[in-house]
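If you want the building blocks of each chain, they are given just below.
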Amino acid sequence: MTVSTPGPGFRPRAAAAMSRDAAEAVLDPDTLDAFRALCDLAPLPVLDDLTTPRARSLLADADLLITGWGCPPLDAGVLRAAPRLRAVVHTAGSVRGHVTDACWERGIEVSSAAAANAVPVAEYTLGMILLTGKRVLERARDYRAARRRGNWLRTPRTVGNHGRTVGILSASLIGRRVVELLRPHDVEVLLHDPYLTDADAAGLGVRRVGLDELFARCDTVSVHTPLLPATRGLVSRALIESMPADAVLINTSRGAVVDQDALTDAVLAGRIRAVLDVTDPEVLPPDHPLWECENALITPHLAGSEGNEWRRLAEHALAETARWASGAGFLHPVRRERLAFLA
């Protein structure tokens, strides 16, 4: 079997592997046309089961897989059916669900759109930092109930964003993006990441602090650490109890990073406020007390790419496909040795 090498004039054979819903979201007609201009893309429907005869036939010729949410694991059995496969371009963030050890052992190159997906998560986080600092949601609720404005000159001095201290937990792609977005604002930013040096923090324009100090000092703490064995329950009861009165905890990473029971106790007691785009479990039971708690805002894991933001993911995947096919290599590769630090 002859396998061509990426470079000028190389036109890879490609197939898309993801759920049908993911394909409808990310692979709109314009995106499909753009992919077809770059490669010989197998006709739809996308592959959501890699064991079918059709899937095995397409895999046999594929140099490249374009993957997305719902892609089945690319295990040793799948790779045996895909002897030409050289690269995977993922149209979403984490590749943990489908890129297996067999892919790394084969030497398959992997790209992820995590950098593109970080953008809306960081925007959501910035919005929530500023809204909660100003207590916008609570004050809008009170305004609606009273149908009149109170004496704004008697607003408590704890309300507002001037000089607020914001803590970022983890210098991940999203955490770093939040730091960038906070730069124009008059806030102090502290950051905790055990793998970050003081010089790295200085380069980001923030001060690196210990985990205890982050929670004890910050008016707002935003969680951006991936869920790994070492980070499960990282935001412990002791850390939550150390937060200043009326502080805000924002979580857009994974619910299990936070001690859910401890957070619930603190929020119900009115000690702190919480903005939770993720919970543990992912959807709380209908009778969970946080649903009715005025100090908690729960959103349905919407911070990541949705709606017109899917276009950014598609553009990212198209750019990576073009680079790889030209022989330039991926601009956003996923490295096996970095998996222990990625979501």
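The structure displayed is predicted, hence computed values, not measured ones.

Calculation criteria
Residues numbered from 1 in each chain as written. Predicted model: local features only at pLDDT ≥ 70, side-chain atom pairs only at ≥ 80, totals over all residues. Heavy atoms only, no water. Buried < 20%, exposed > 50% of the residue type's maximum accessible area, 1.4 Å probe, protein only. Helix = DSSP H or I, 4+ residues; strand = E, 2+ residues; numbered from the N terminus. Arc of directions from axis to C-beta. Contact = heavy atoms within 4.5 Å. UniProt positions renumbered as here; feature names shortened; annotations may be inferred. Salt bridge = Lys/Arg side-chain N within 4 Å of Asp/Glu carboxyl O.

J.: Tell me about helix α8 (residues 173-182), and please be specific about residues and values.
T.: Among the residues making up α8, those that are buried are G175, V178, V179 and L182. Summarising the axial view, the buried residues of α8 lie within an arc of 100 degrees, below the 170-degree limit, and thus occupy one face. Looking at the packing, one finds that the buried side of α8 touches α6 (114-133), β6 (164-169), β7 (187-192) and α9 (198-204).

J.: Could you give an account of the UniProt feature "domain: D-isomer specific 2-hydroxyacid dehydrogenase catalytic" (unreviewed entry) in the protein chain, naming the residues involved and the relevant values?
T.: The UniProt record marks residues 44-328 with the feature "domain: D-isomer specific 2-hydroxyacid dehydrogenase catalytic" (unreviewed entry), using the residue numbering of this structure. Secondary structure content for residues 44-328 is 38% helix and 14% strand, and the end C-alpha separation is 28 Å.

J.: Before we move on, could you go through the UniProt feature "domain: D-isomer specific 2-hydroxyacid dehydrogenase NAD-binding" (unreviewed entry) in the protein chain and cite the residues and values that matter?
T.: The sites that UniProt annotates as "domain: D-isomer specific 2-hydroxyacid dehydrogenase NAD-binding" (unreviewed entry) are residues 137-303. Helix makes up 29% of residues 137-303 and strand 17%, with an end-to-end C-alpha separation of 18 Å.

J.: Describe the pattern of salt bridges, with residues and values.
T.: If you walk through the whole model with that rule in mind, you get 20 salt bridges. Between R311 and D28 there is a salt bridge, and its shortest N-O distance comes to 3.7 Å. Highlighted residues: R311 in helix α13 (residues 310-326) and D28 in the loop between α1 (20-26) and α2 (29-38), separated in sequence by 283 residues. One salt bridge connects R141 with E294, and the closest N-O pair in it is separated by 3.7 Å. Of this pair, R141 sits in helix α7 (residues 136-146) while E294 sits in the loop between β11 (273-276) and β12 (296-298); the two residues are 153 residues apart in sequence, bridging distant segments of the chain. A relative accessible area of 29% means that R141 is categorised as partly exposed. Residue E294 is classed as exposed on the basis of its relative accessible area, which comes to 56%. Beyond isolated ion pairs, a larger network of salt bridges with shared partners links R135, E138, D246 and R273.

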